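Each chain, letter by letter, is given below.
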Amino acid sequence: MGSLQGKVVGDTFFIQDAIRLPVEGTETRVNAGAEAMEFLTQYIEIGENAGRKEAIVGWYHSHPNYGCWLSGIDVSTQRLQQHQEPFVAIVVDPIQTLSLERVQIGAFRTYPTNYKPTEEQIQAKGNIPKDKISDFGAHHKDYYSLDVSFYKTEADSKLIETLWAQYWKESLAASLVVRDAEKFHDGCCGLSRRVKSYTDTIKSGRPIVSADDLIARNDPSRKAEFVSFGIEKNGAALKDVFKTLLFYK
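Only a predicted model underlies this, so the values are computations on that prediction, with no experimental measurement involved.

> Outline the overall build of the chain, supporting the account with residue identities and numerical values.
The number of helices and strands found in the chain is nine helices and eight strands. In the chain, which comprises 249 residues, the share counted as buried stands at 25%. Restricting to contacts in the chain with at least 6 residues of sequence separation, those with at least 24 account for 63%. Surface summary for the chain: the accessible area is close to 17,400 Å², and the carbon and sulfur share equals 57%.

The following block contains the structure:
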């Protein structure tokens, strides 16, 4: 949880910085006490002394793995803060962002207390887990969402290019065979034990079955696991071969 610095141009919020506050929280609740407010005040004063004049224009918090929307507590918080107009609430879902490989983010503002939105104004707020539906359903008419887009400054572009170059440098220098050596070793040992078991079956004179049948009878999921292991191992080895051919020949 934290505060957002930026500016408002027309009807658009430009968020230029996020200030993480020292707060205590759980998956569903965050408490911002006096320490957080003192930290924010000092942060703003230091920024102003350094020539930064951006105002506080909102706040942000996360909903880990249950979507971007406002709970009843969030609605109350946002309504209180909107008295300091302009003010926006941003919610991010870091878990779904990783699993879906795209940023899950929502920006919201609340309606006035006695305002009743039309059906056209009521929008779906995303996928809500069953244990959150009652909370979501009780308050989804109290706020509306804003369109979200991303921008970057010239300084941002240079920073991203630098980080991207470092990422590729590390990727090229890394070897999956070396990095995952212990994992590959354990996998090979597991395969070896399976082969030995199959060989012992043949030597004992018991009915001979195919390797696929033997794996499937013991554990159907094992076959897929071994195939995946083989593909991963071969892929890692091929990457090392290509790197050698490209950079060392």
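> Hey, could you go over the packing of aromatic side chains for me, with residue numbers and the actual values?
Note on aromatic pairs: each is described by the distance of the centres and the angle between the planes. Enumeration over the complete set of coordinates arrives at six aromatic pairs. Both rings, one in Phe108 and one in Tyr143, keep their centres 5.4 Å apart while their planes meet at 85°; by these two values the pair is edge-to-face. Remark: Tyr143 occurs in strand S8 (residues 143-146) and Phe108 occurs in strand S7 (residues 105-110); sequence separation between them is 35 residues. Here Phe108 and Tyr143 have matching classes, each one buried. By the ring-pair criterion, three or more aromatic residues cluster together here, those being Tyr111, Tyr115 and Tyr144. One cation-aromatic arrangement involves Lys7 over Phe14; the distance from NZ or CZ to the ring centre is 6.0 Å.

> Account for the pairing of strand S2 (residues 12-20), with residues named and values stated.
Looking along a regular strand, one sees the side chains alternate between the two faces of the sheet. As paired strands, strand S1 (residues 2-9) and S2 are joined by eight bridges and run antiparallel to one another. Looking across to S2, one finds that Leu4 is bridged to Ala18. Between the end of S1 and the start of S2, which pair antiparallel, lie two residues, with Gly10 showing a positive phi angle near 65°.

> I'd like to hear about the nonpolar core, residue by residue, with values.
Counting residues in each nonpolar core, the largest one holds eleven residues, listed as Trp59, Tyr66, Cys68, Trp69, Leu70, Val75, Phe87, Ala89, Val91, Phe108 and Tyr143. In this structure, Leu4, Tyr60, Val88 and Ile90 belong to the second largest nonpolar core, which totals five residues.

> Any details on helix H1 (residues 34-49)? Residues and values, ideally.
With 16 residues, H1 extends 23 Å between its outermost C-alpha atoms, agreeing within 8% with the 22 Å of an ideal straight helix rising 1.5 Å per residue. All of the buried residues in H1 are Ala36, Leu40 and Gly47. For H1, the angular spread of the buried residues around the axis is 40°, confining them to a single face. Opposite the buried face of H1, by more than 90 degrees, sit the exposed residues Ala34, Glu35, Ile46 and Asn49. Of the surrounding elements, those touching the buried residues of H1 are S1, S2 and strand S5 (55-62).

> Break down the pattern of salt bridges for me, with residues and values.
Considering all chains together, one arrives at four salt bridges under this definition. Close ionic contact of Glu54 with Arg52 constitutes a salt bridge, the shortest N to O distance being 3.3 Å. Judged by relative accessible area, Glu54 falls into the partly exposed class, the value being 23%. Since its relative accessible area comes to 32%, Arg52 is described here as partly exposed. One connected set of salt bridges, linked through shared partners, spans Asp17, Arg52 and Glu54.

> Any details on the pairing of S5? Residues and values, ideally.
Direction of pairing for S1 relative to S5: antiparallel, over a ladder of five bridges. Looking at the pairing, Gly6 lines up with Ala55 of S5. Relative to strand S6 (residues 88-92), S5 runs parallel, the two being bridged by five bridges. The residue bridging His61 from the neighbouring strand is Val91, located in S6. As a crossover connection, the stretch from S5 through helix H2 (residues 72-81) into S6 is right-handed.

Thresholds, definitions, all that
Residues numbered from 1 in each chain as written. Predicted model: local features only at pLDDT ≥ 70, side-chain atom pairs only at ≥ 80, totals over all residues. Heavy atoms only, no water. Helix = DSSP H or I, 4+ residues; strand = E, 2+ residues; numbered from the N terminus. Buried < 20%, exposed > 50% of the residue type's maximum accessible area, 1.4 Å probe, protein only. Contact = heavy atoms within 4.5 Å. Areas by Shrake-Rupley, 256 points an atom, 1.4 Å probe, with all protein chains shown as cover. Phe/Tyr/Trp six-rings, centres within 6.5 Å; stacked < 30°, edge-to-face > 60°. Lys NZ or Arg CZ within 6 Å of the ring centre and 35° of its normal. Pairing = 2+ DSSP bridges. Core = buried A, V, L, I, M, F, W, Y, C linked by side-chain atoms within 4.5 Å. Expected span 1.5 Å × (residues − 1). Arc of directions from axis to C-beta. Salt bridge = Lys/Arg side-chain N within 4 Å of Asp/Glu carboxyl O. Right-handed = clockwise from strand over helix to strand, strands pointing away.

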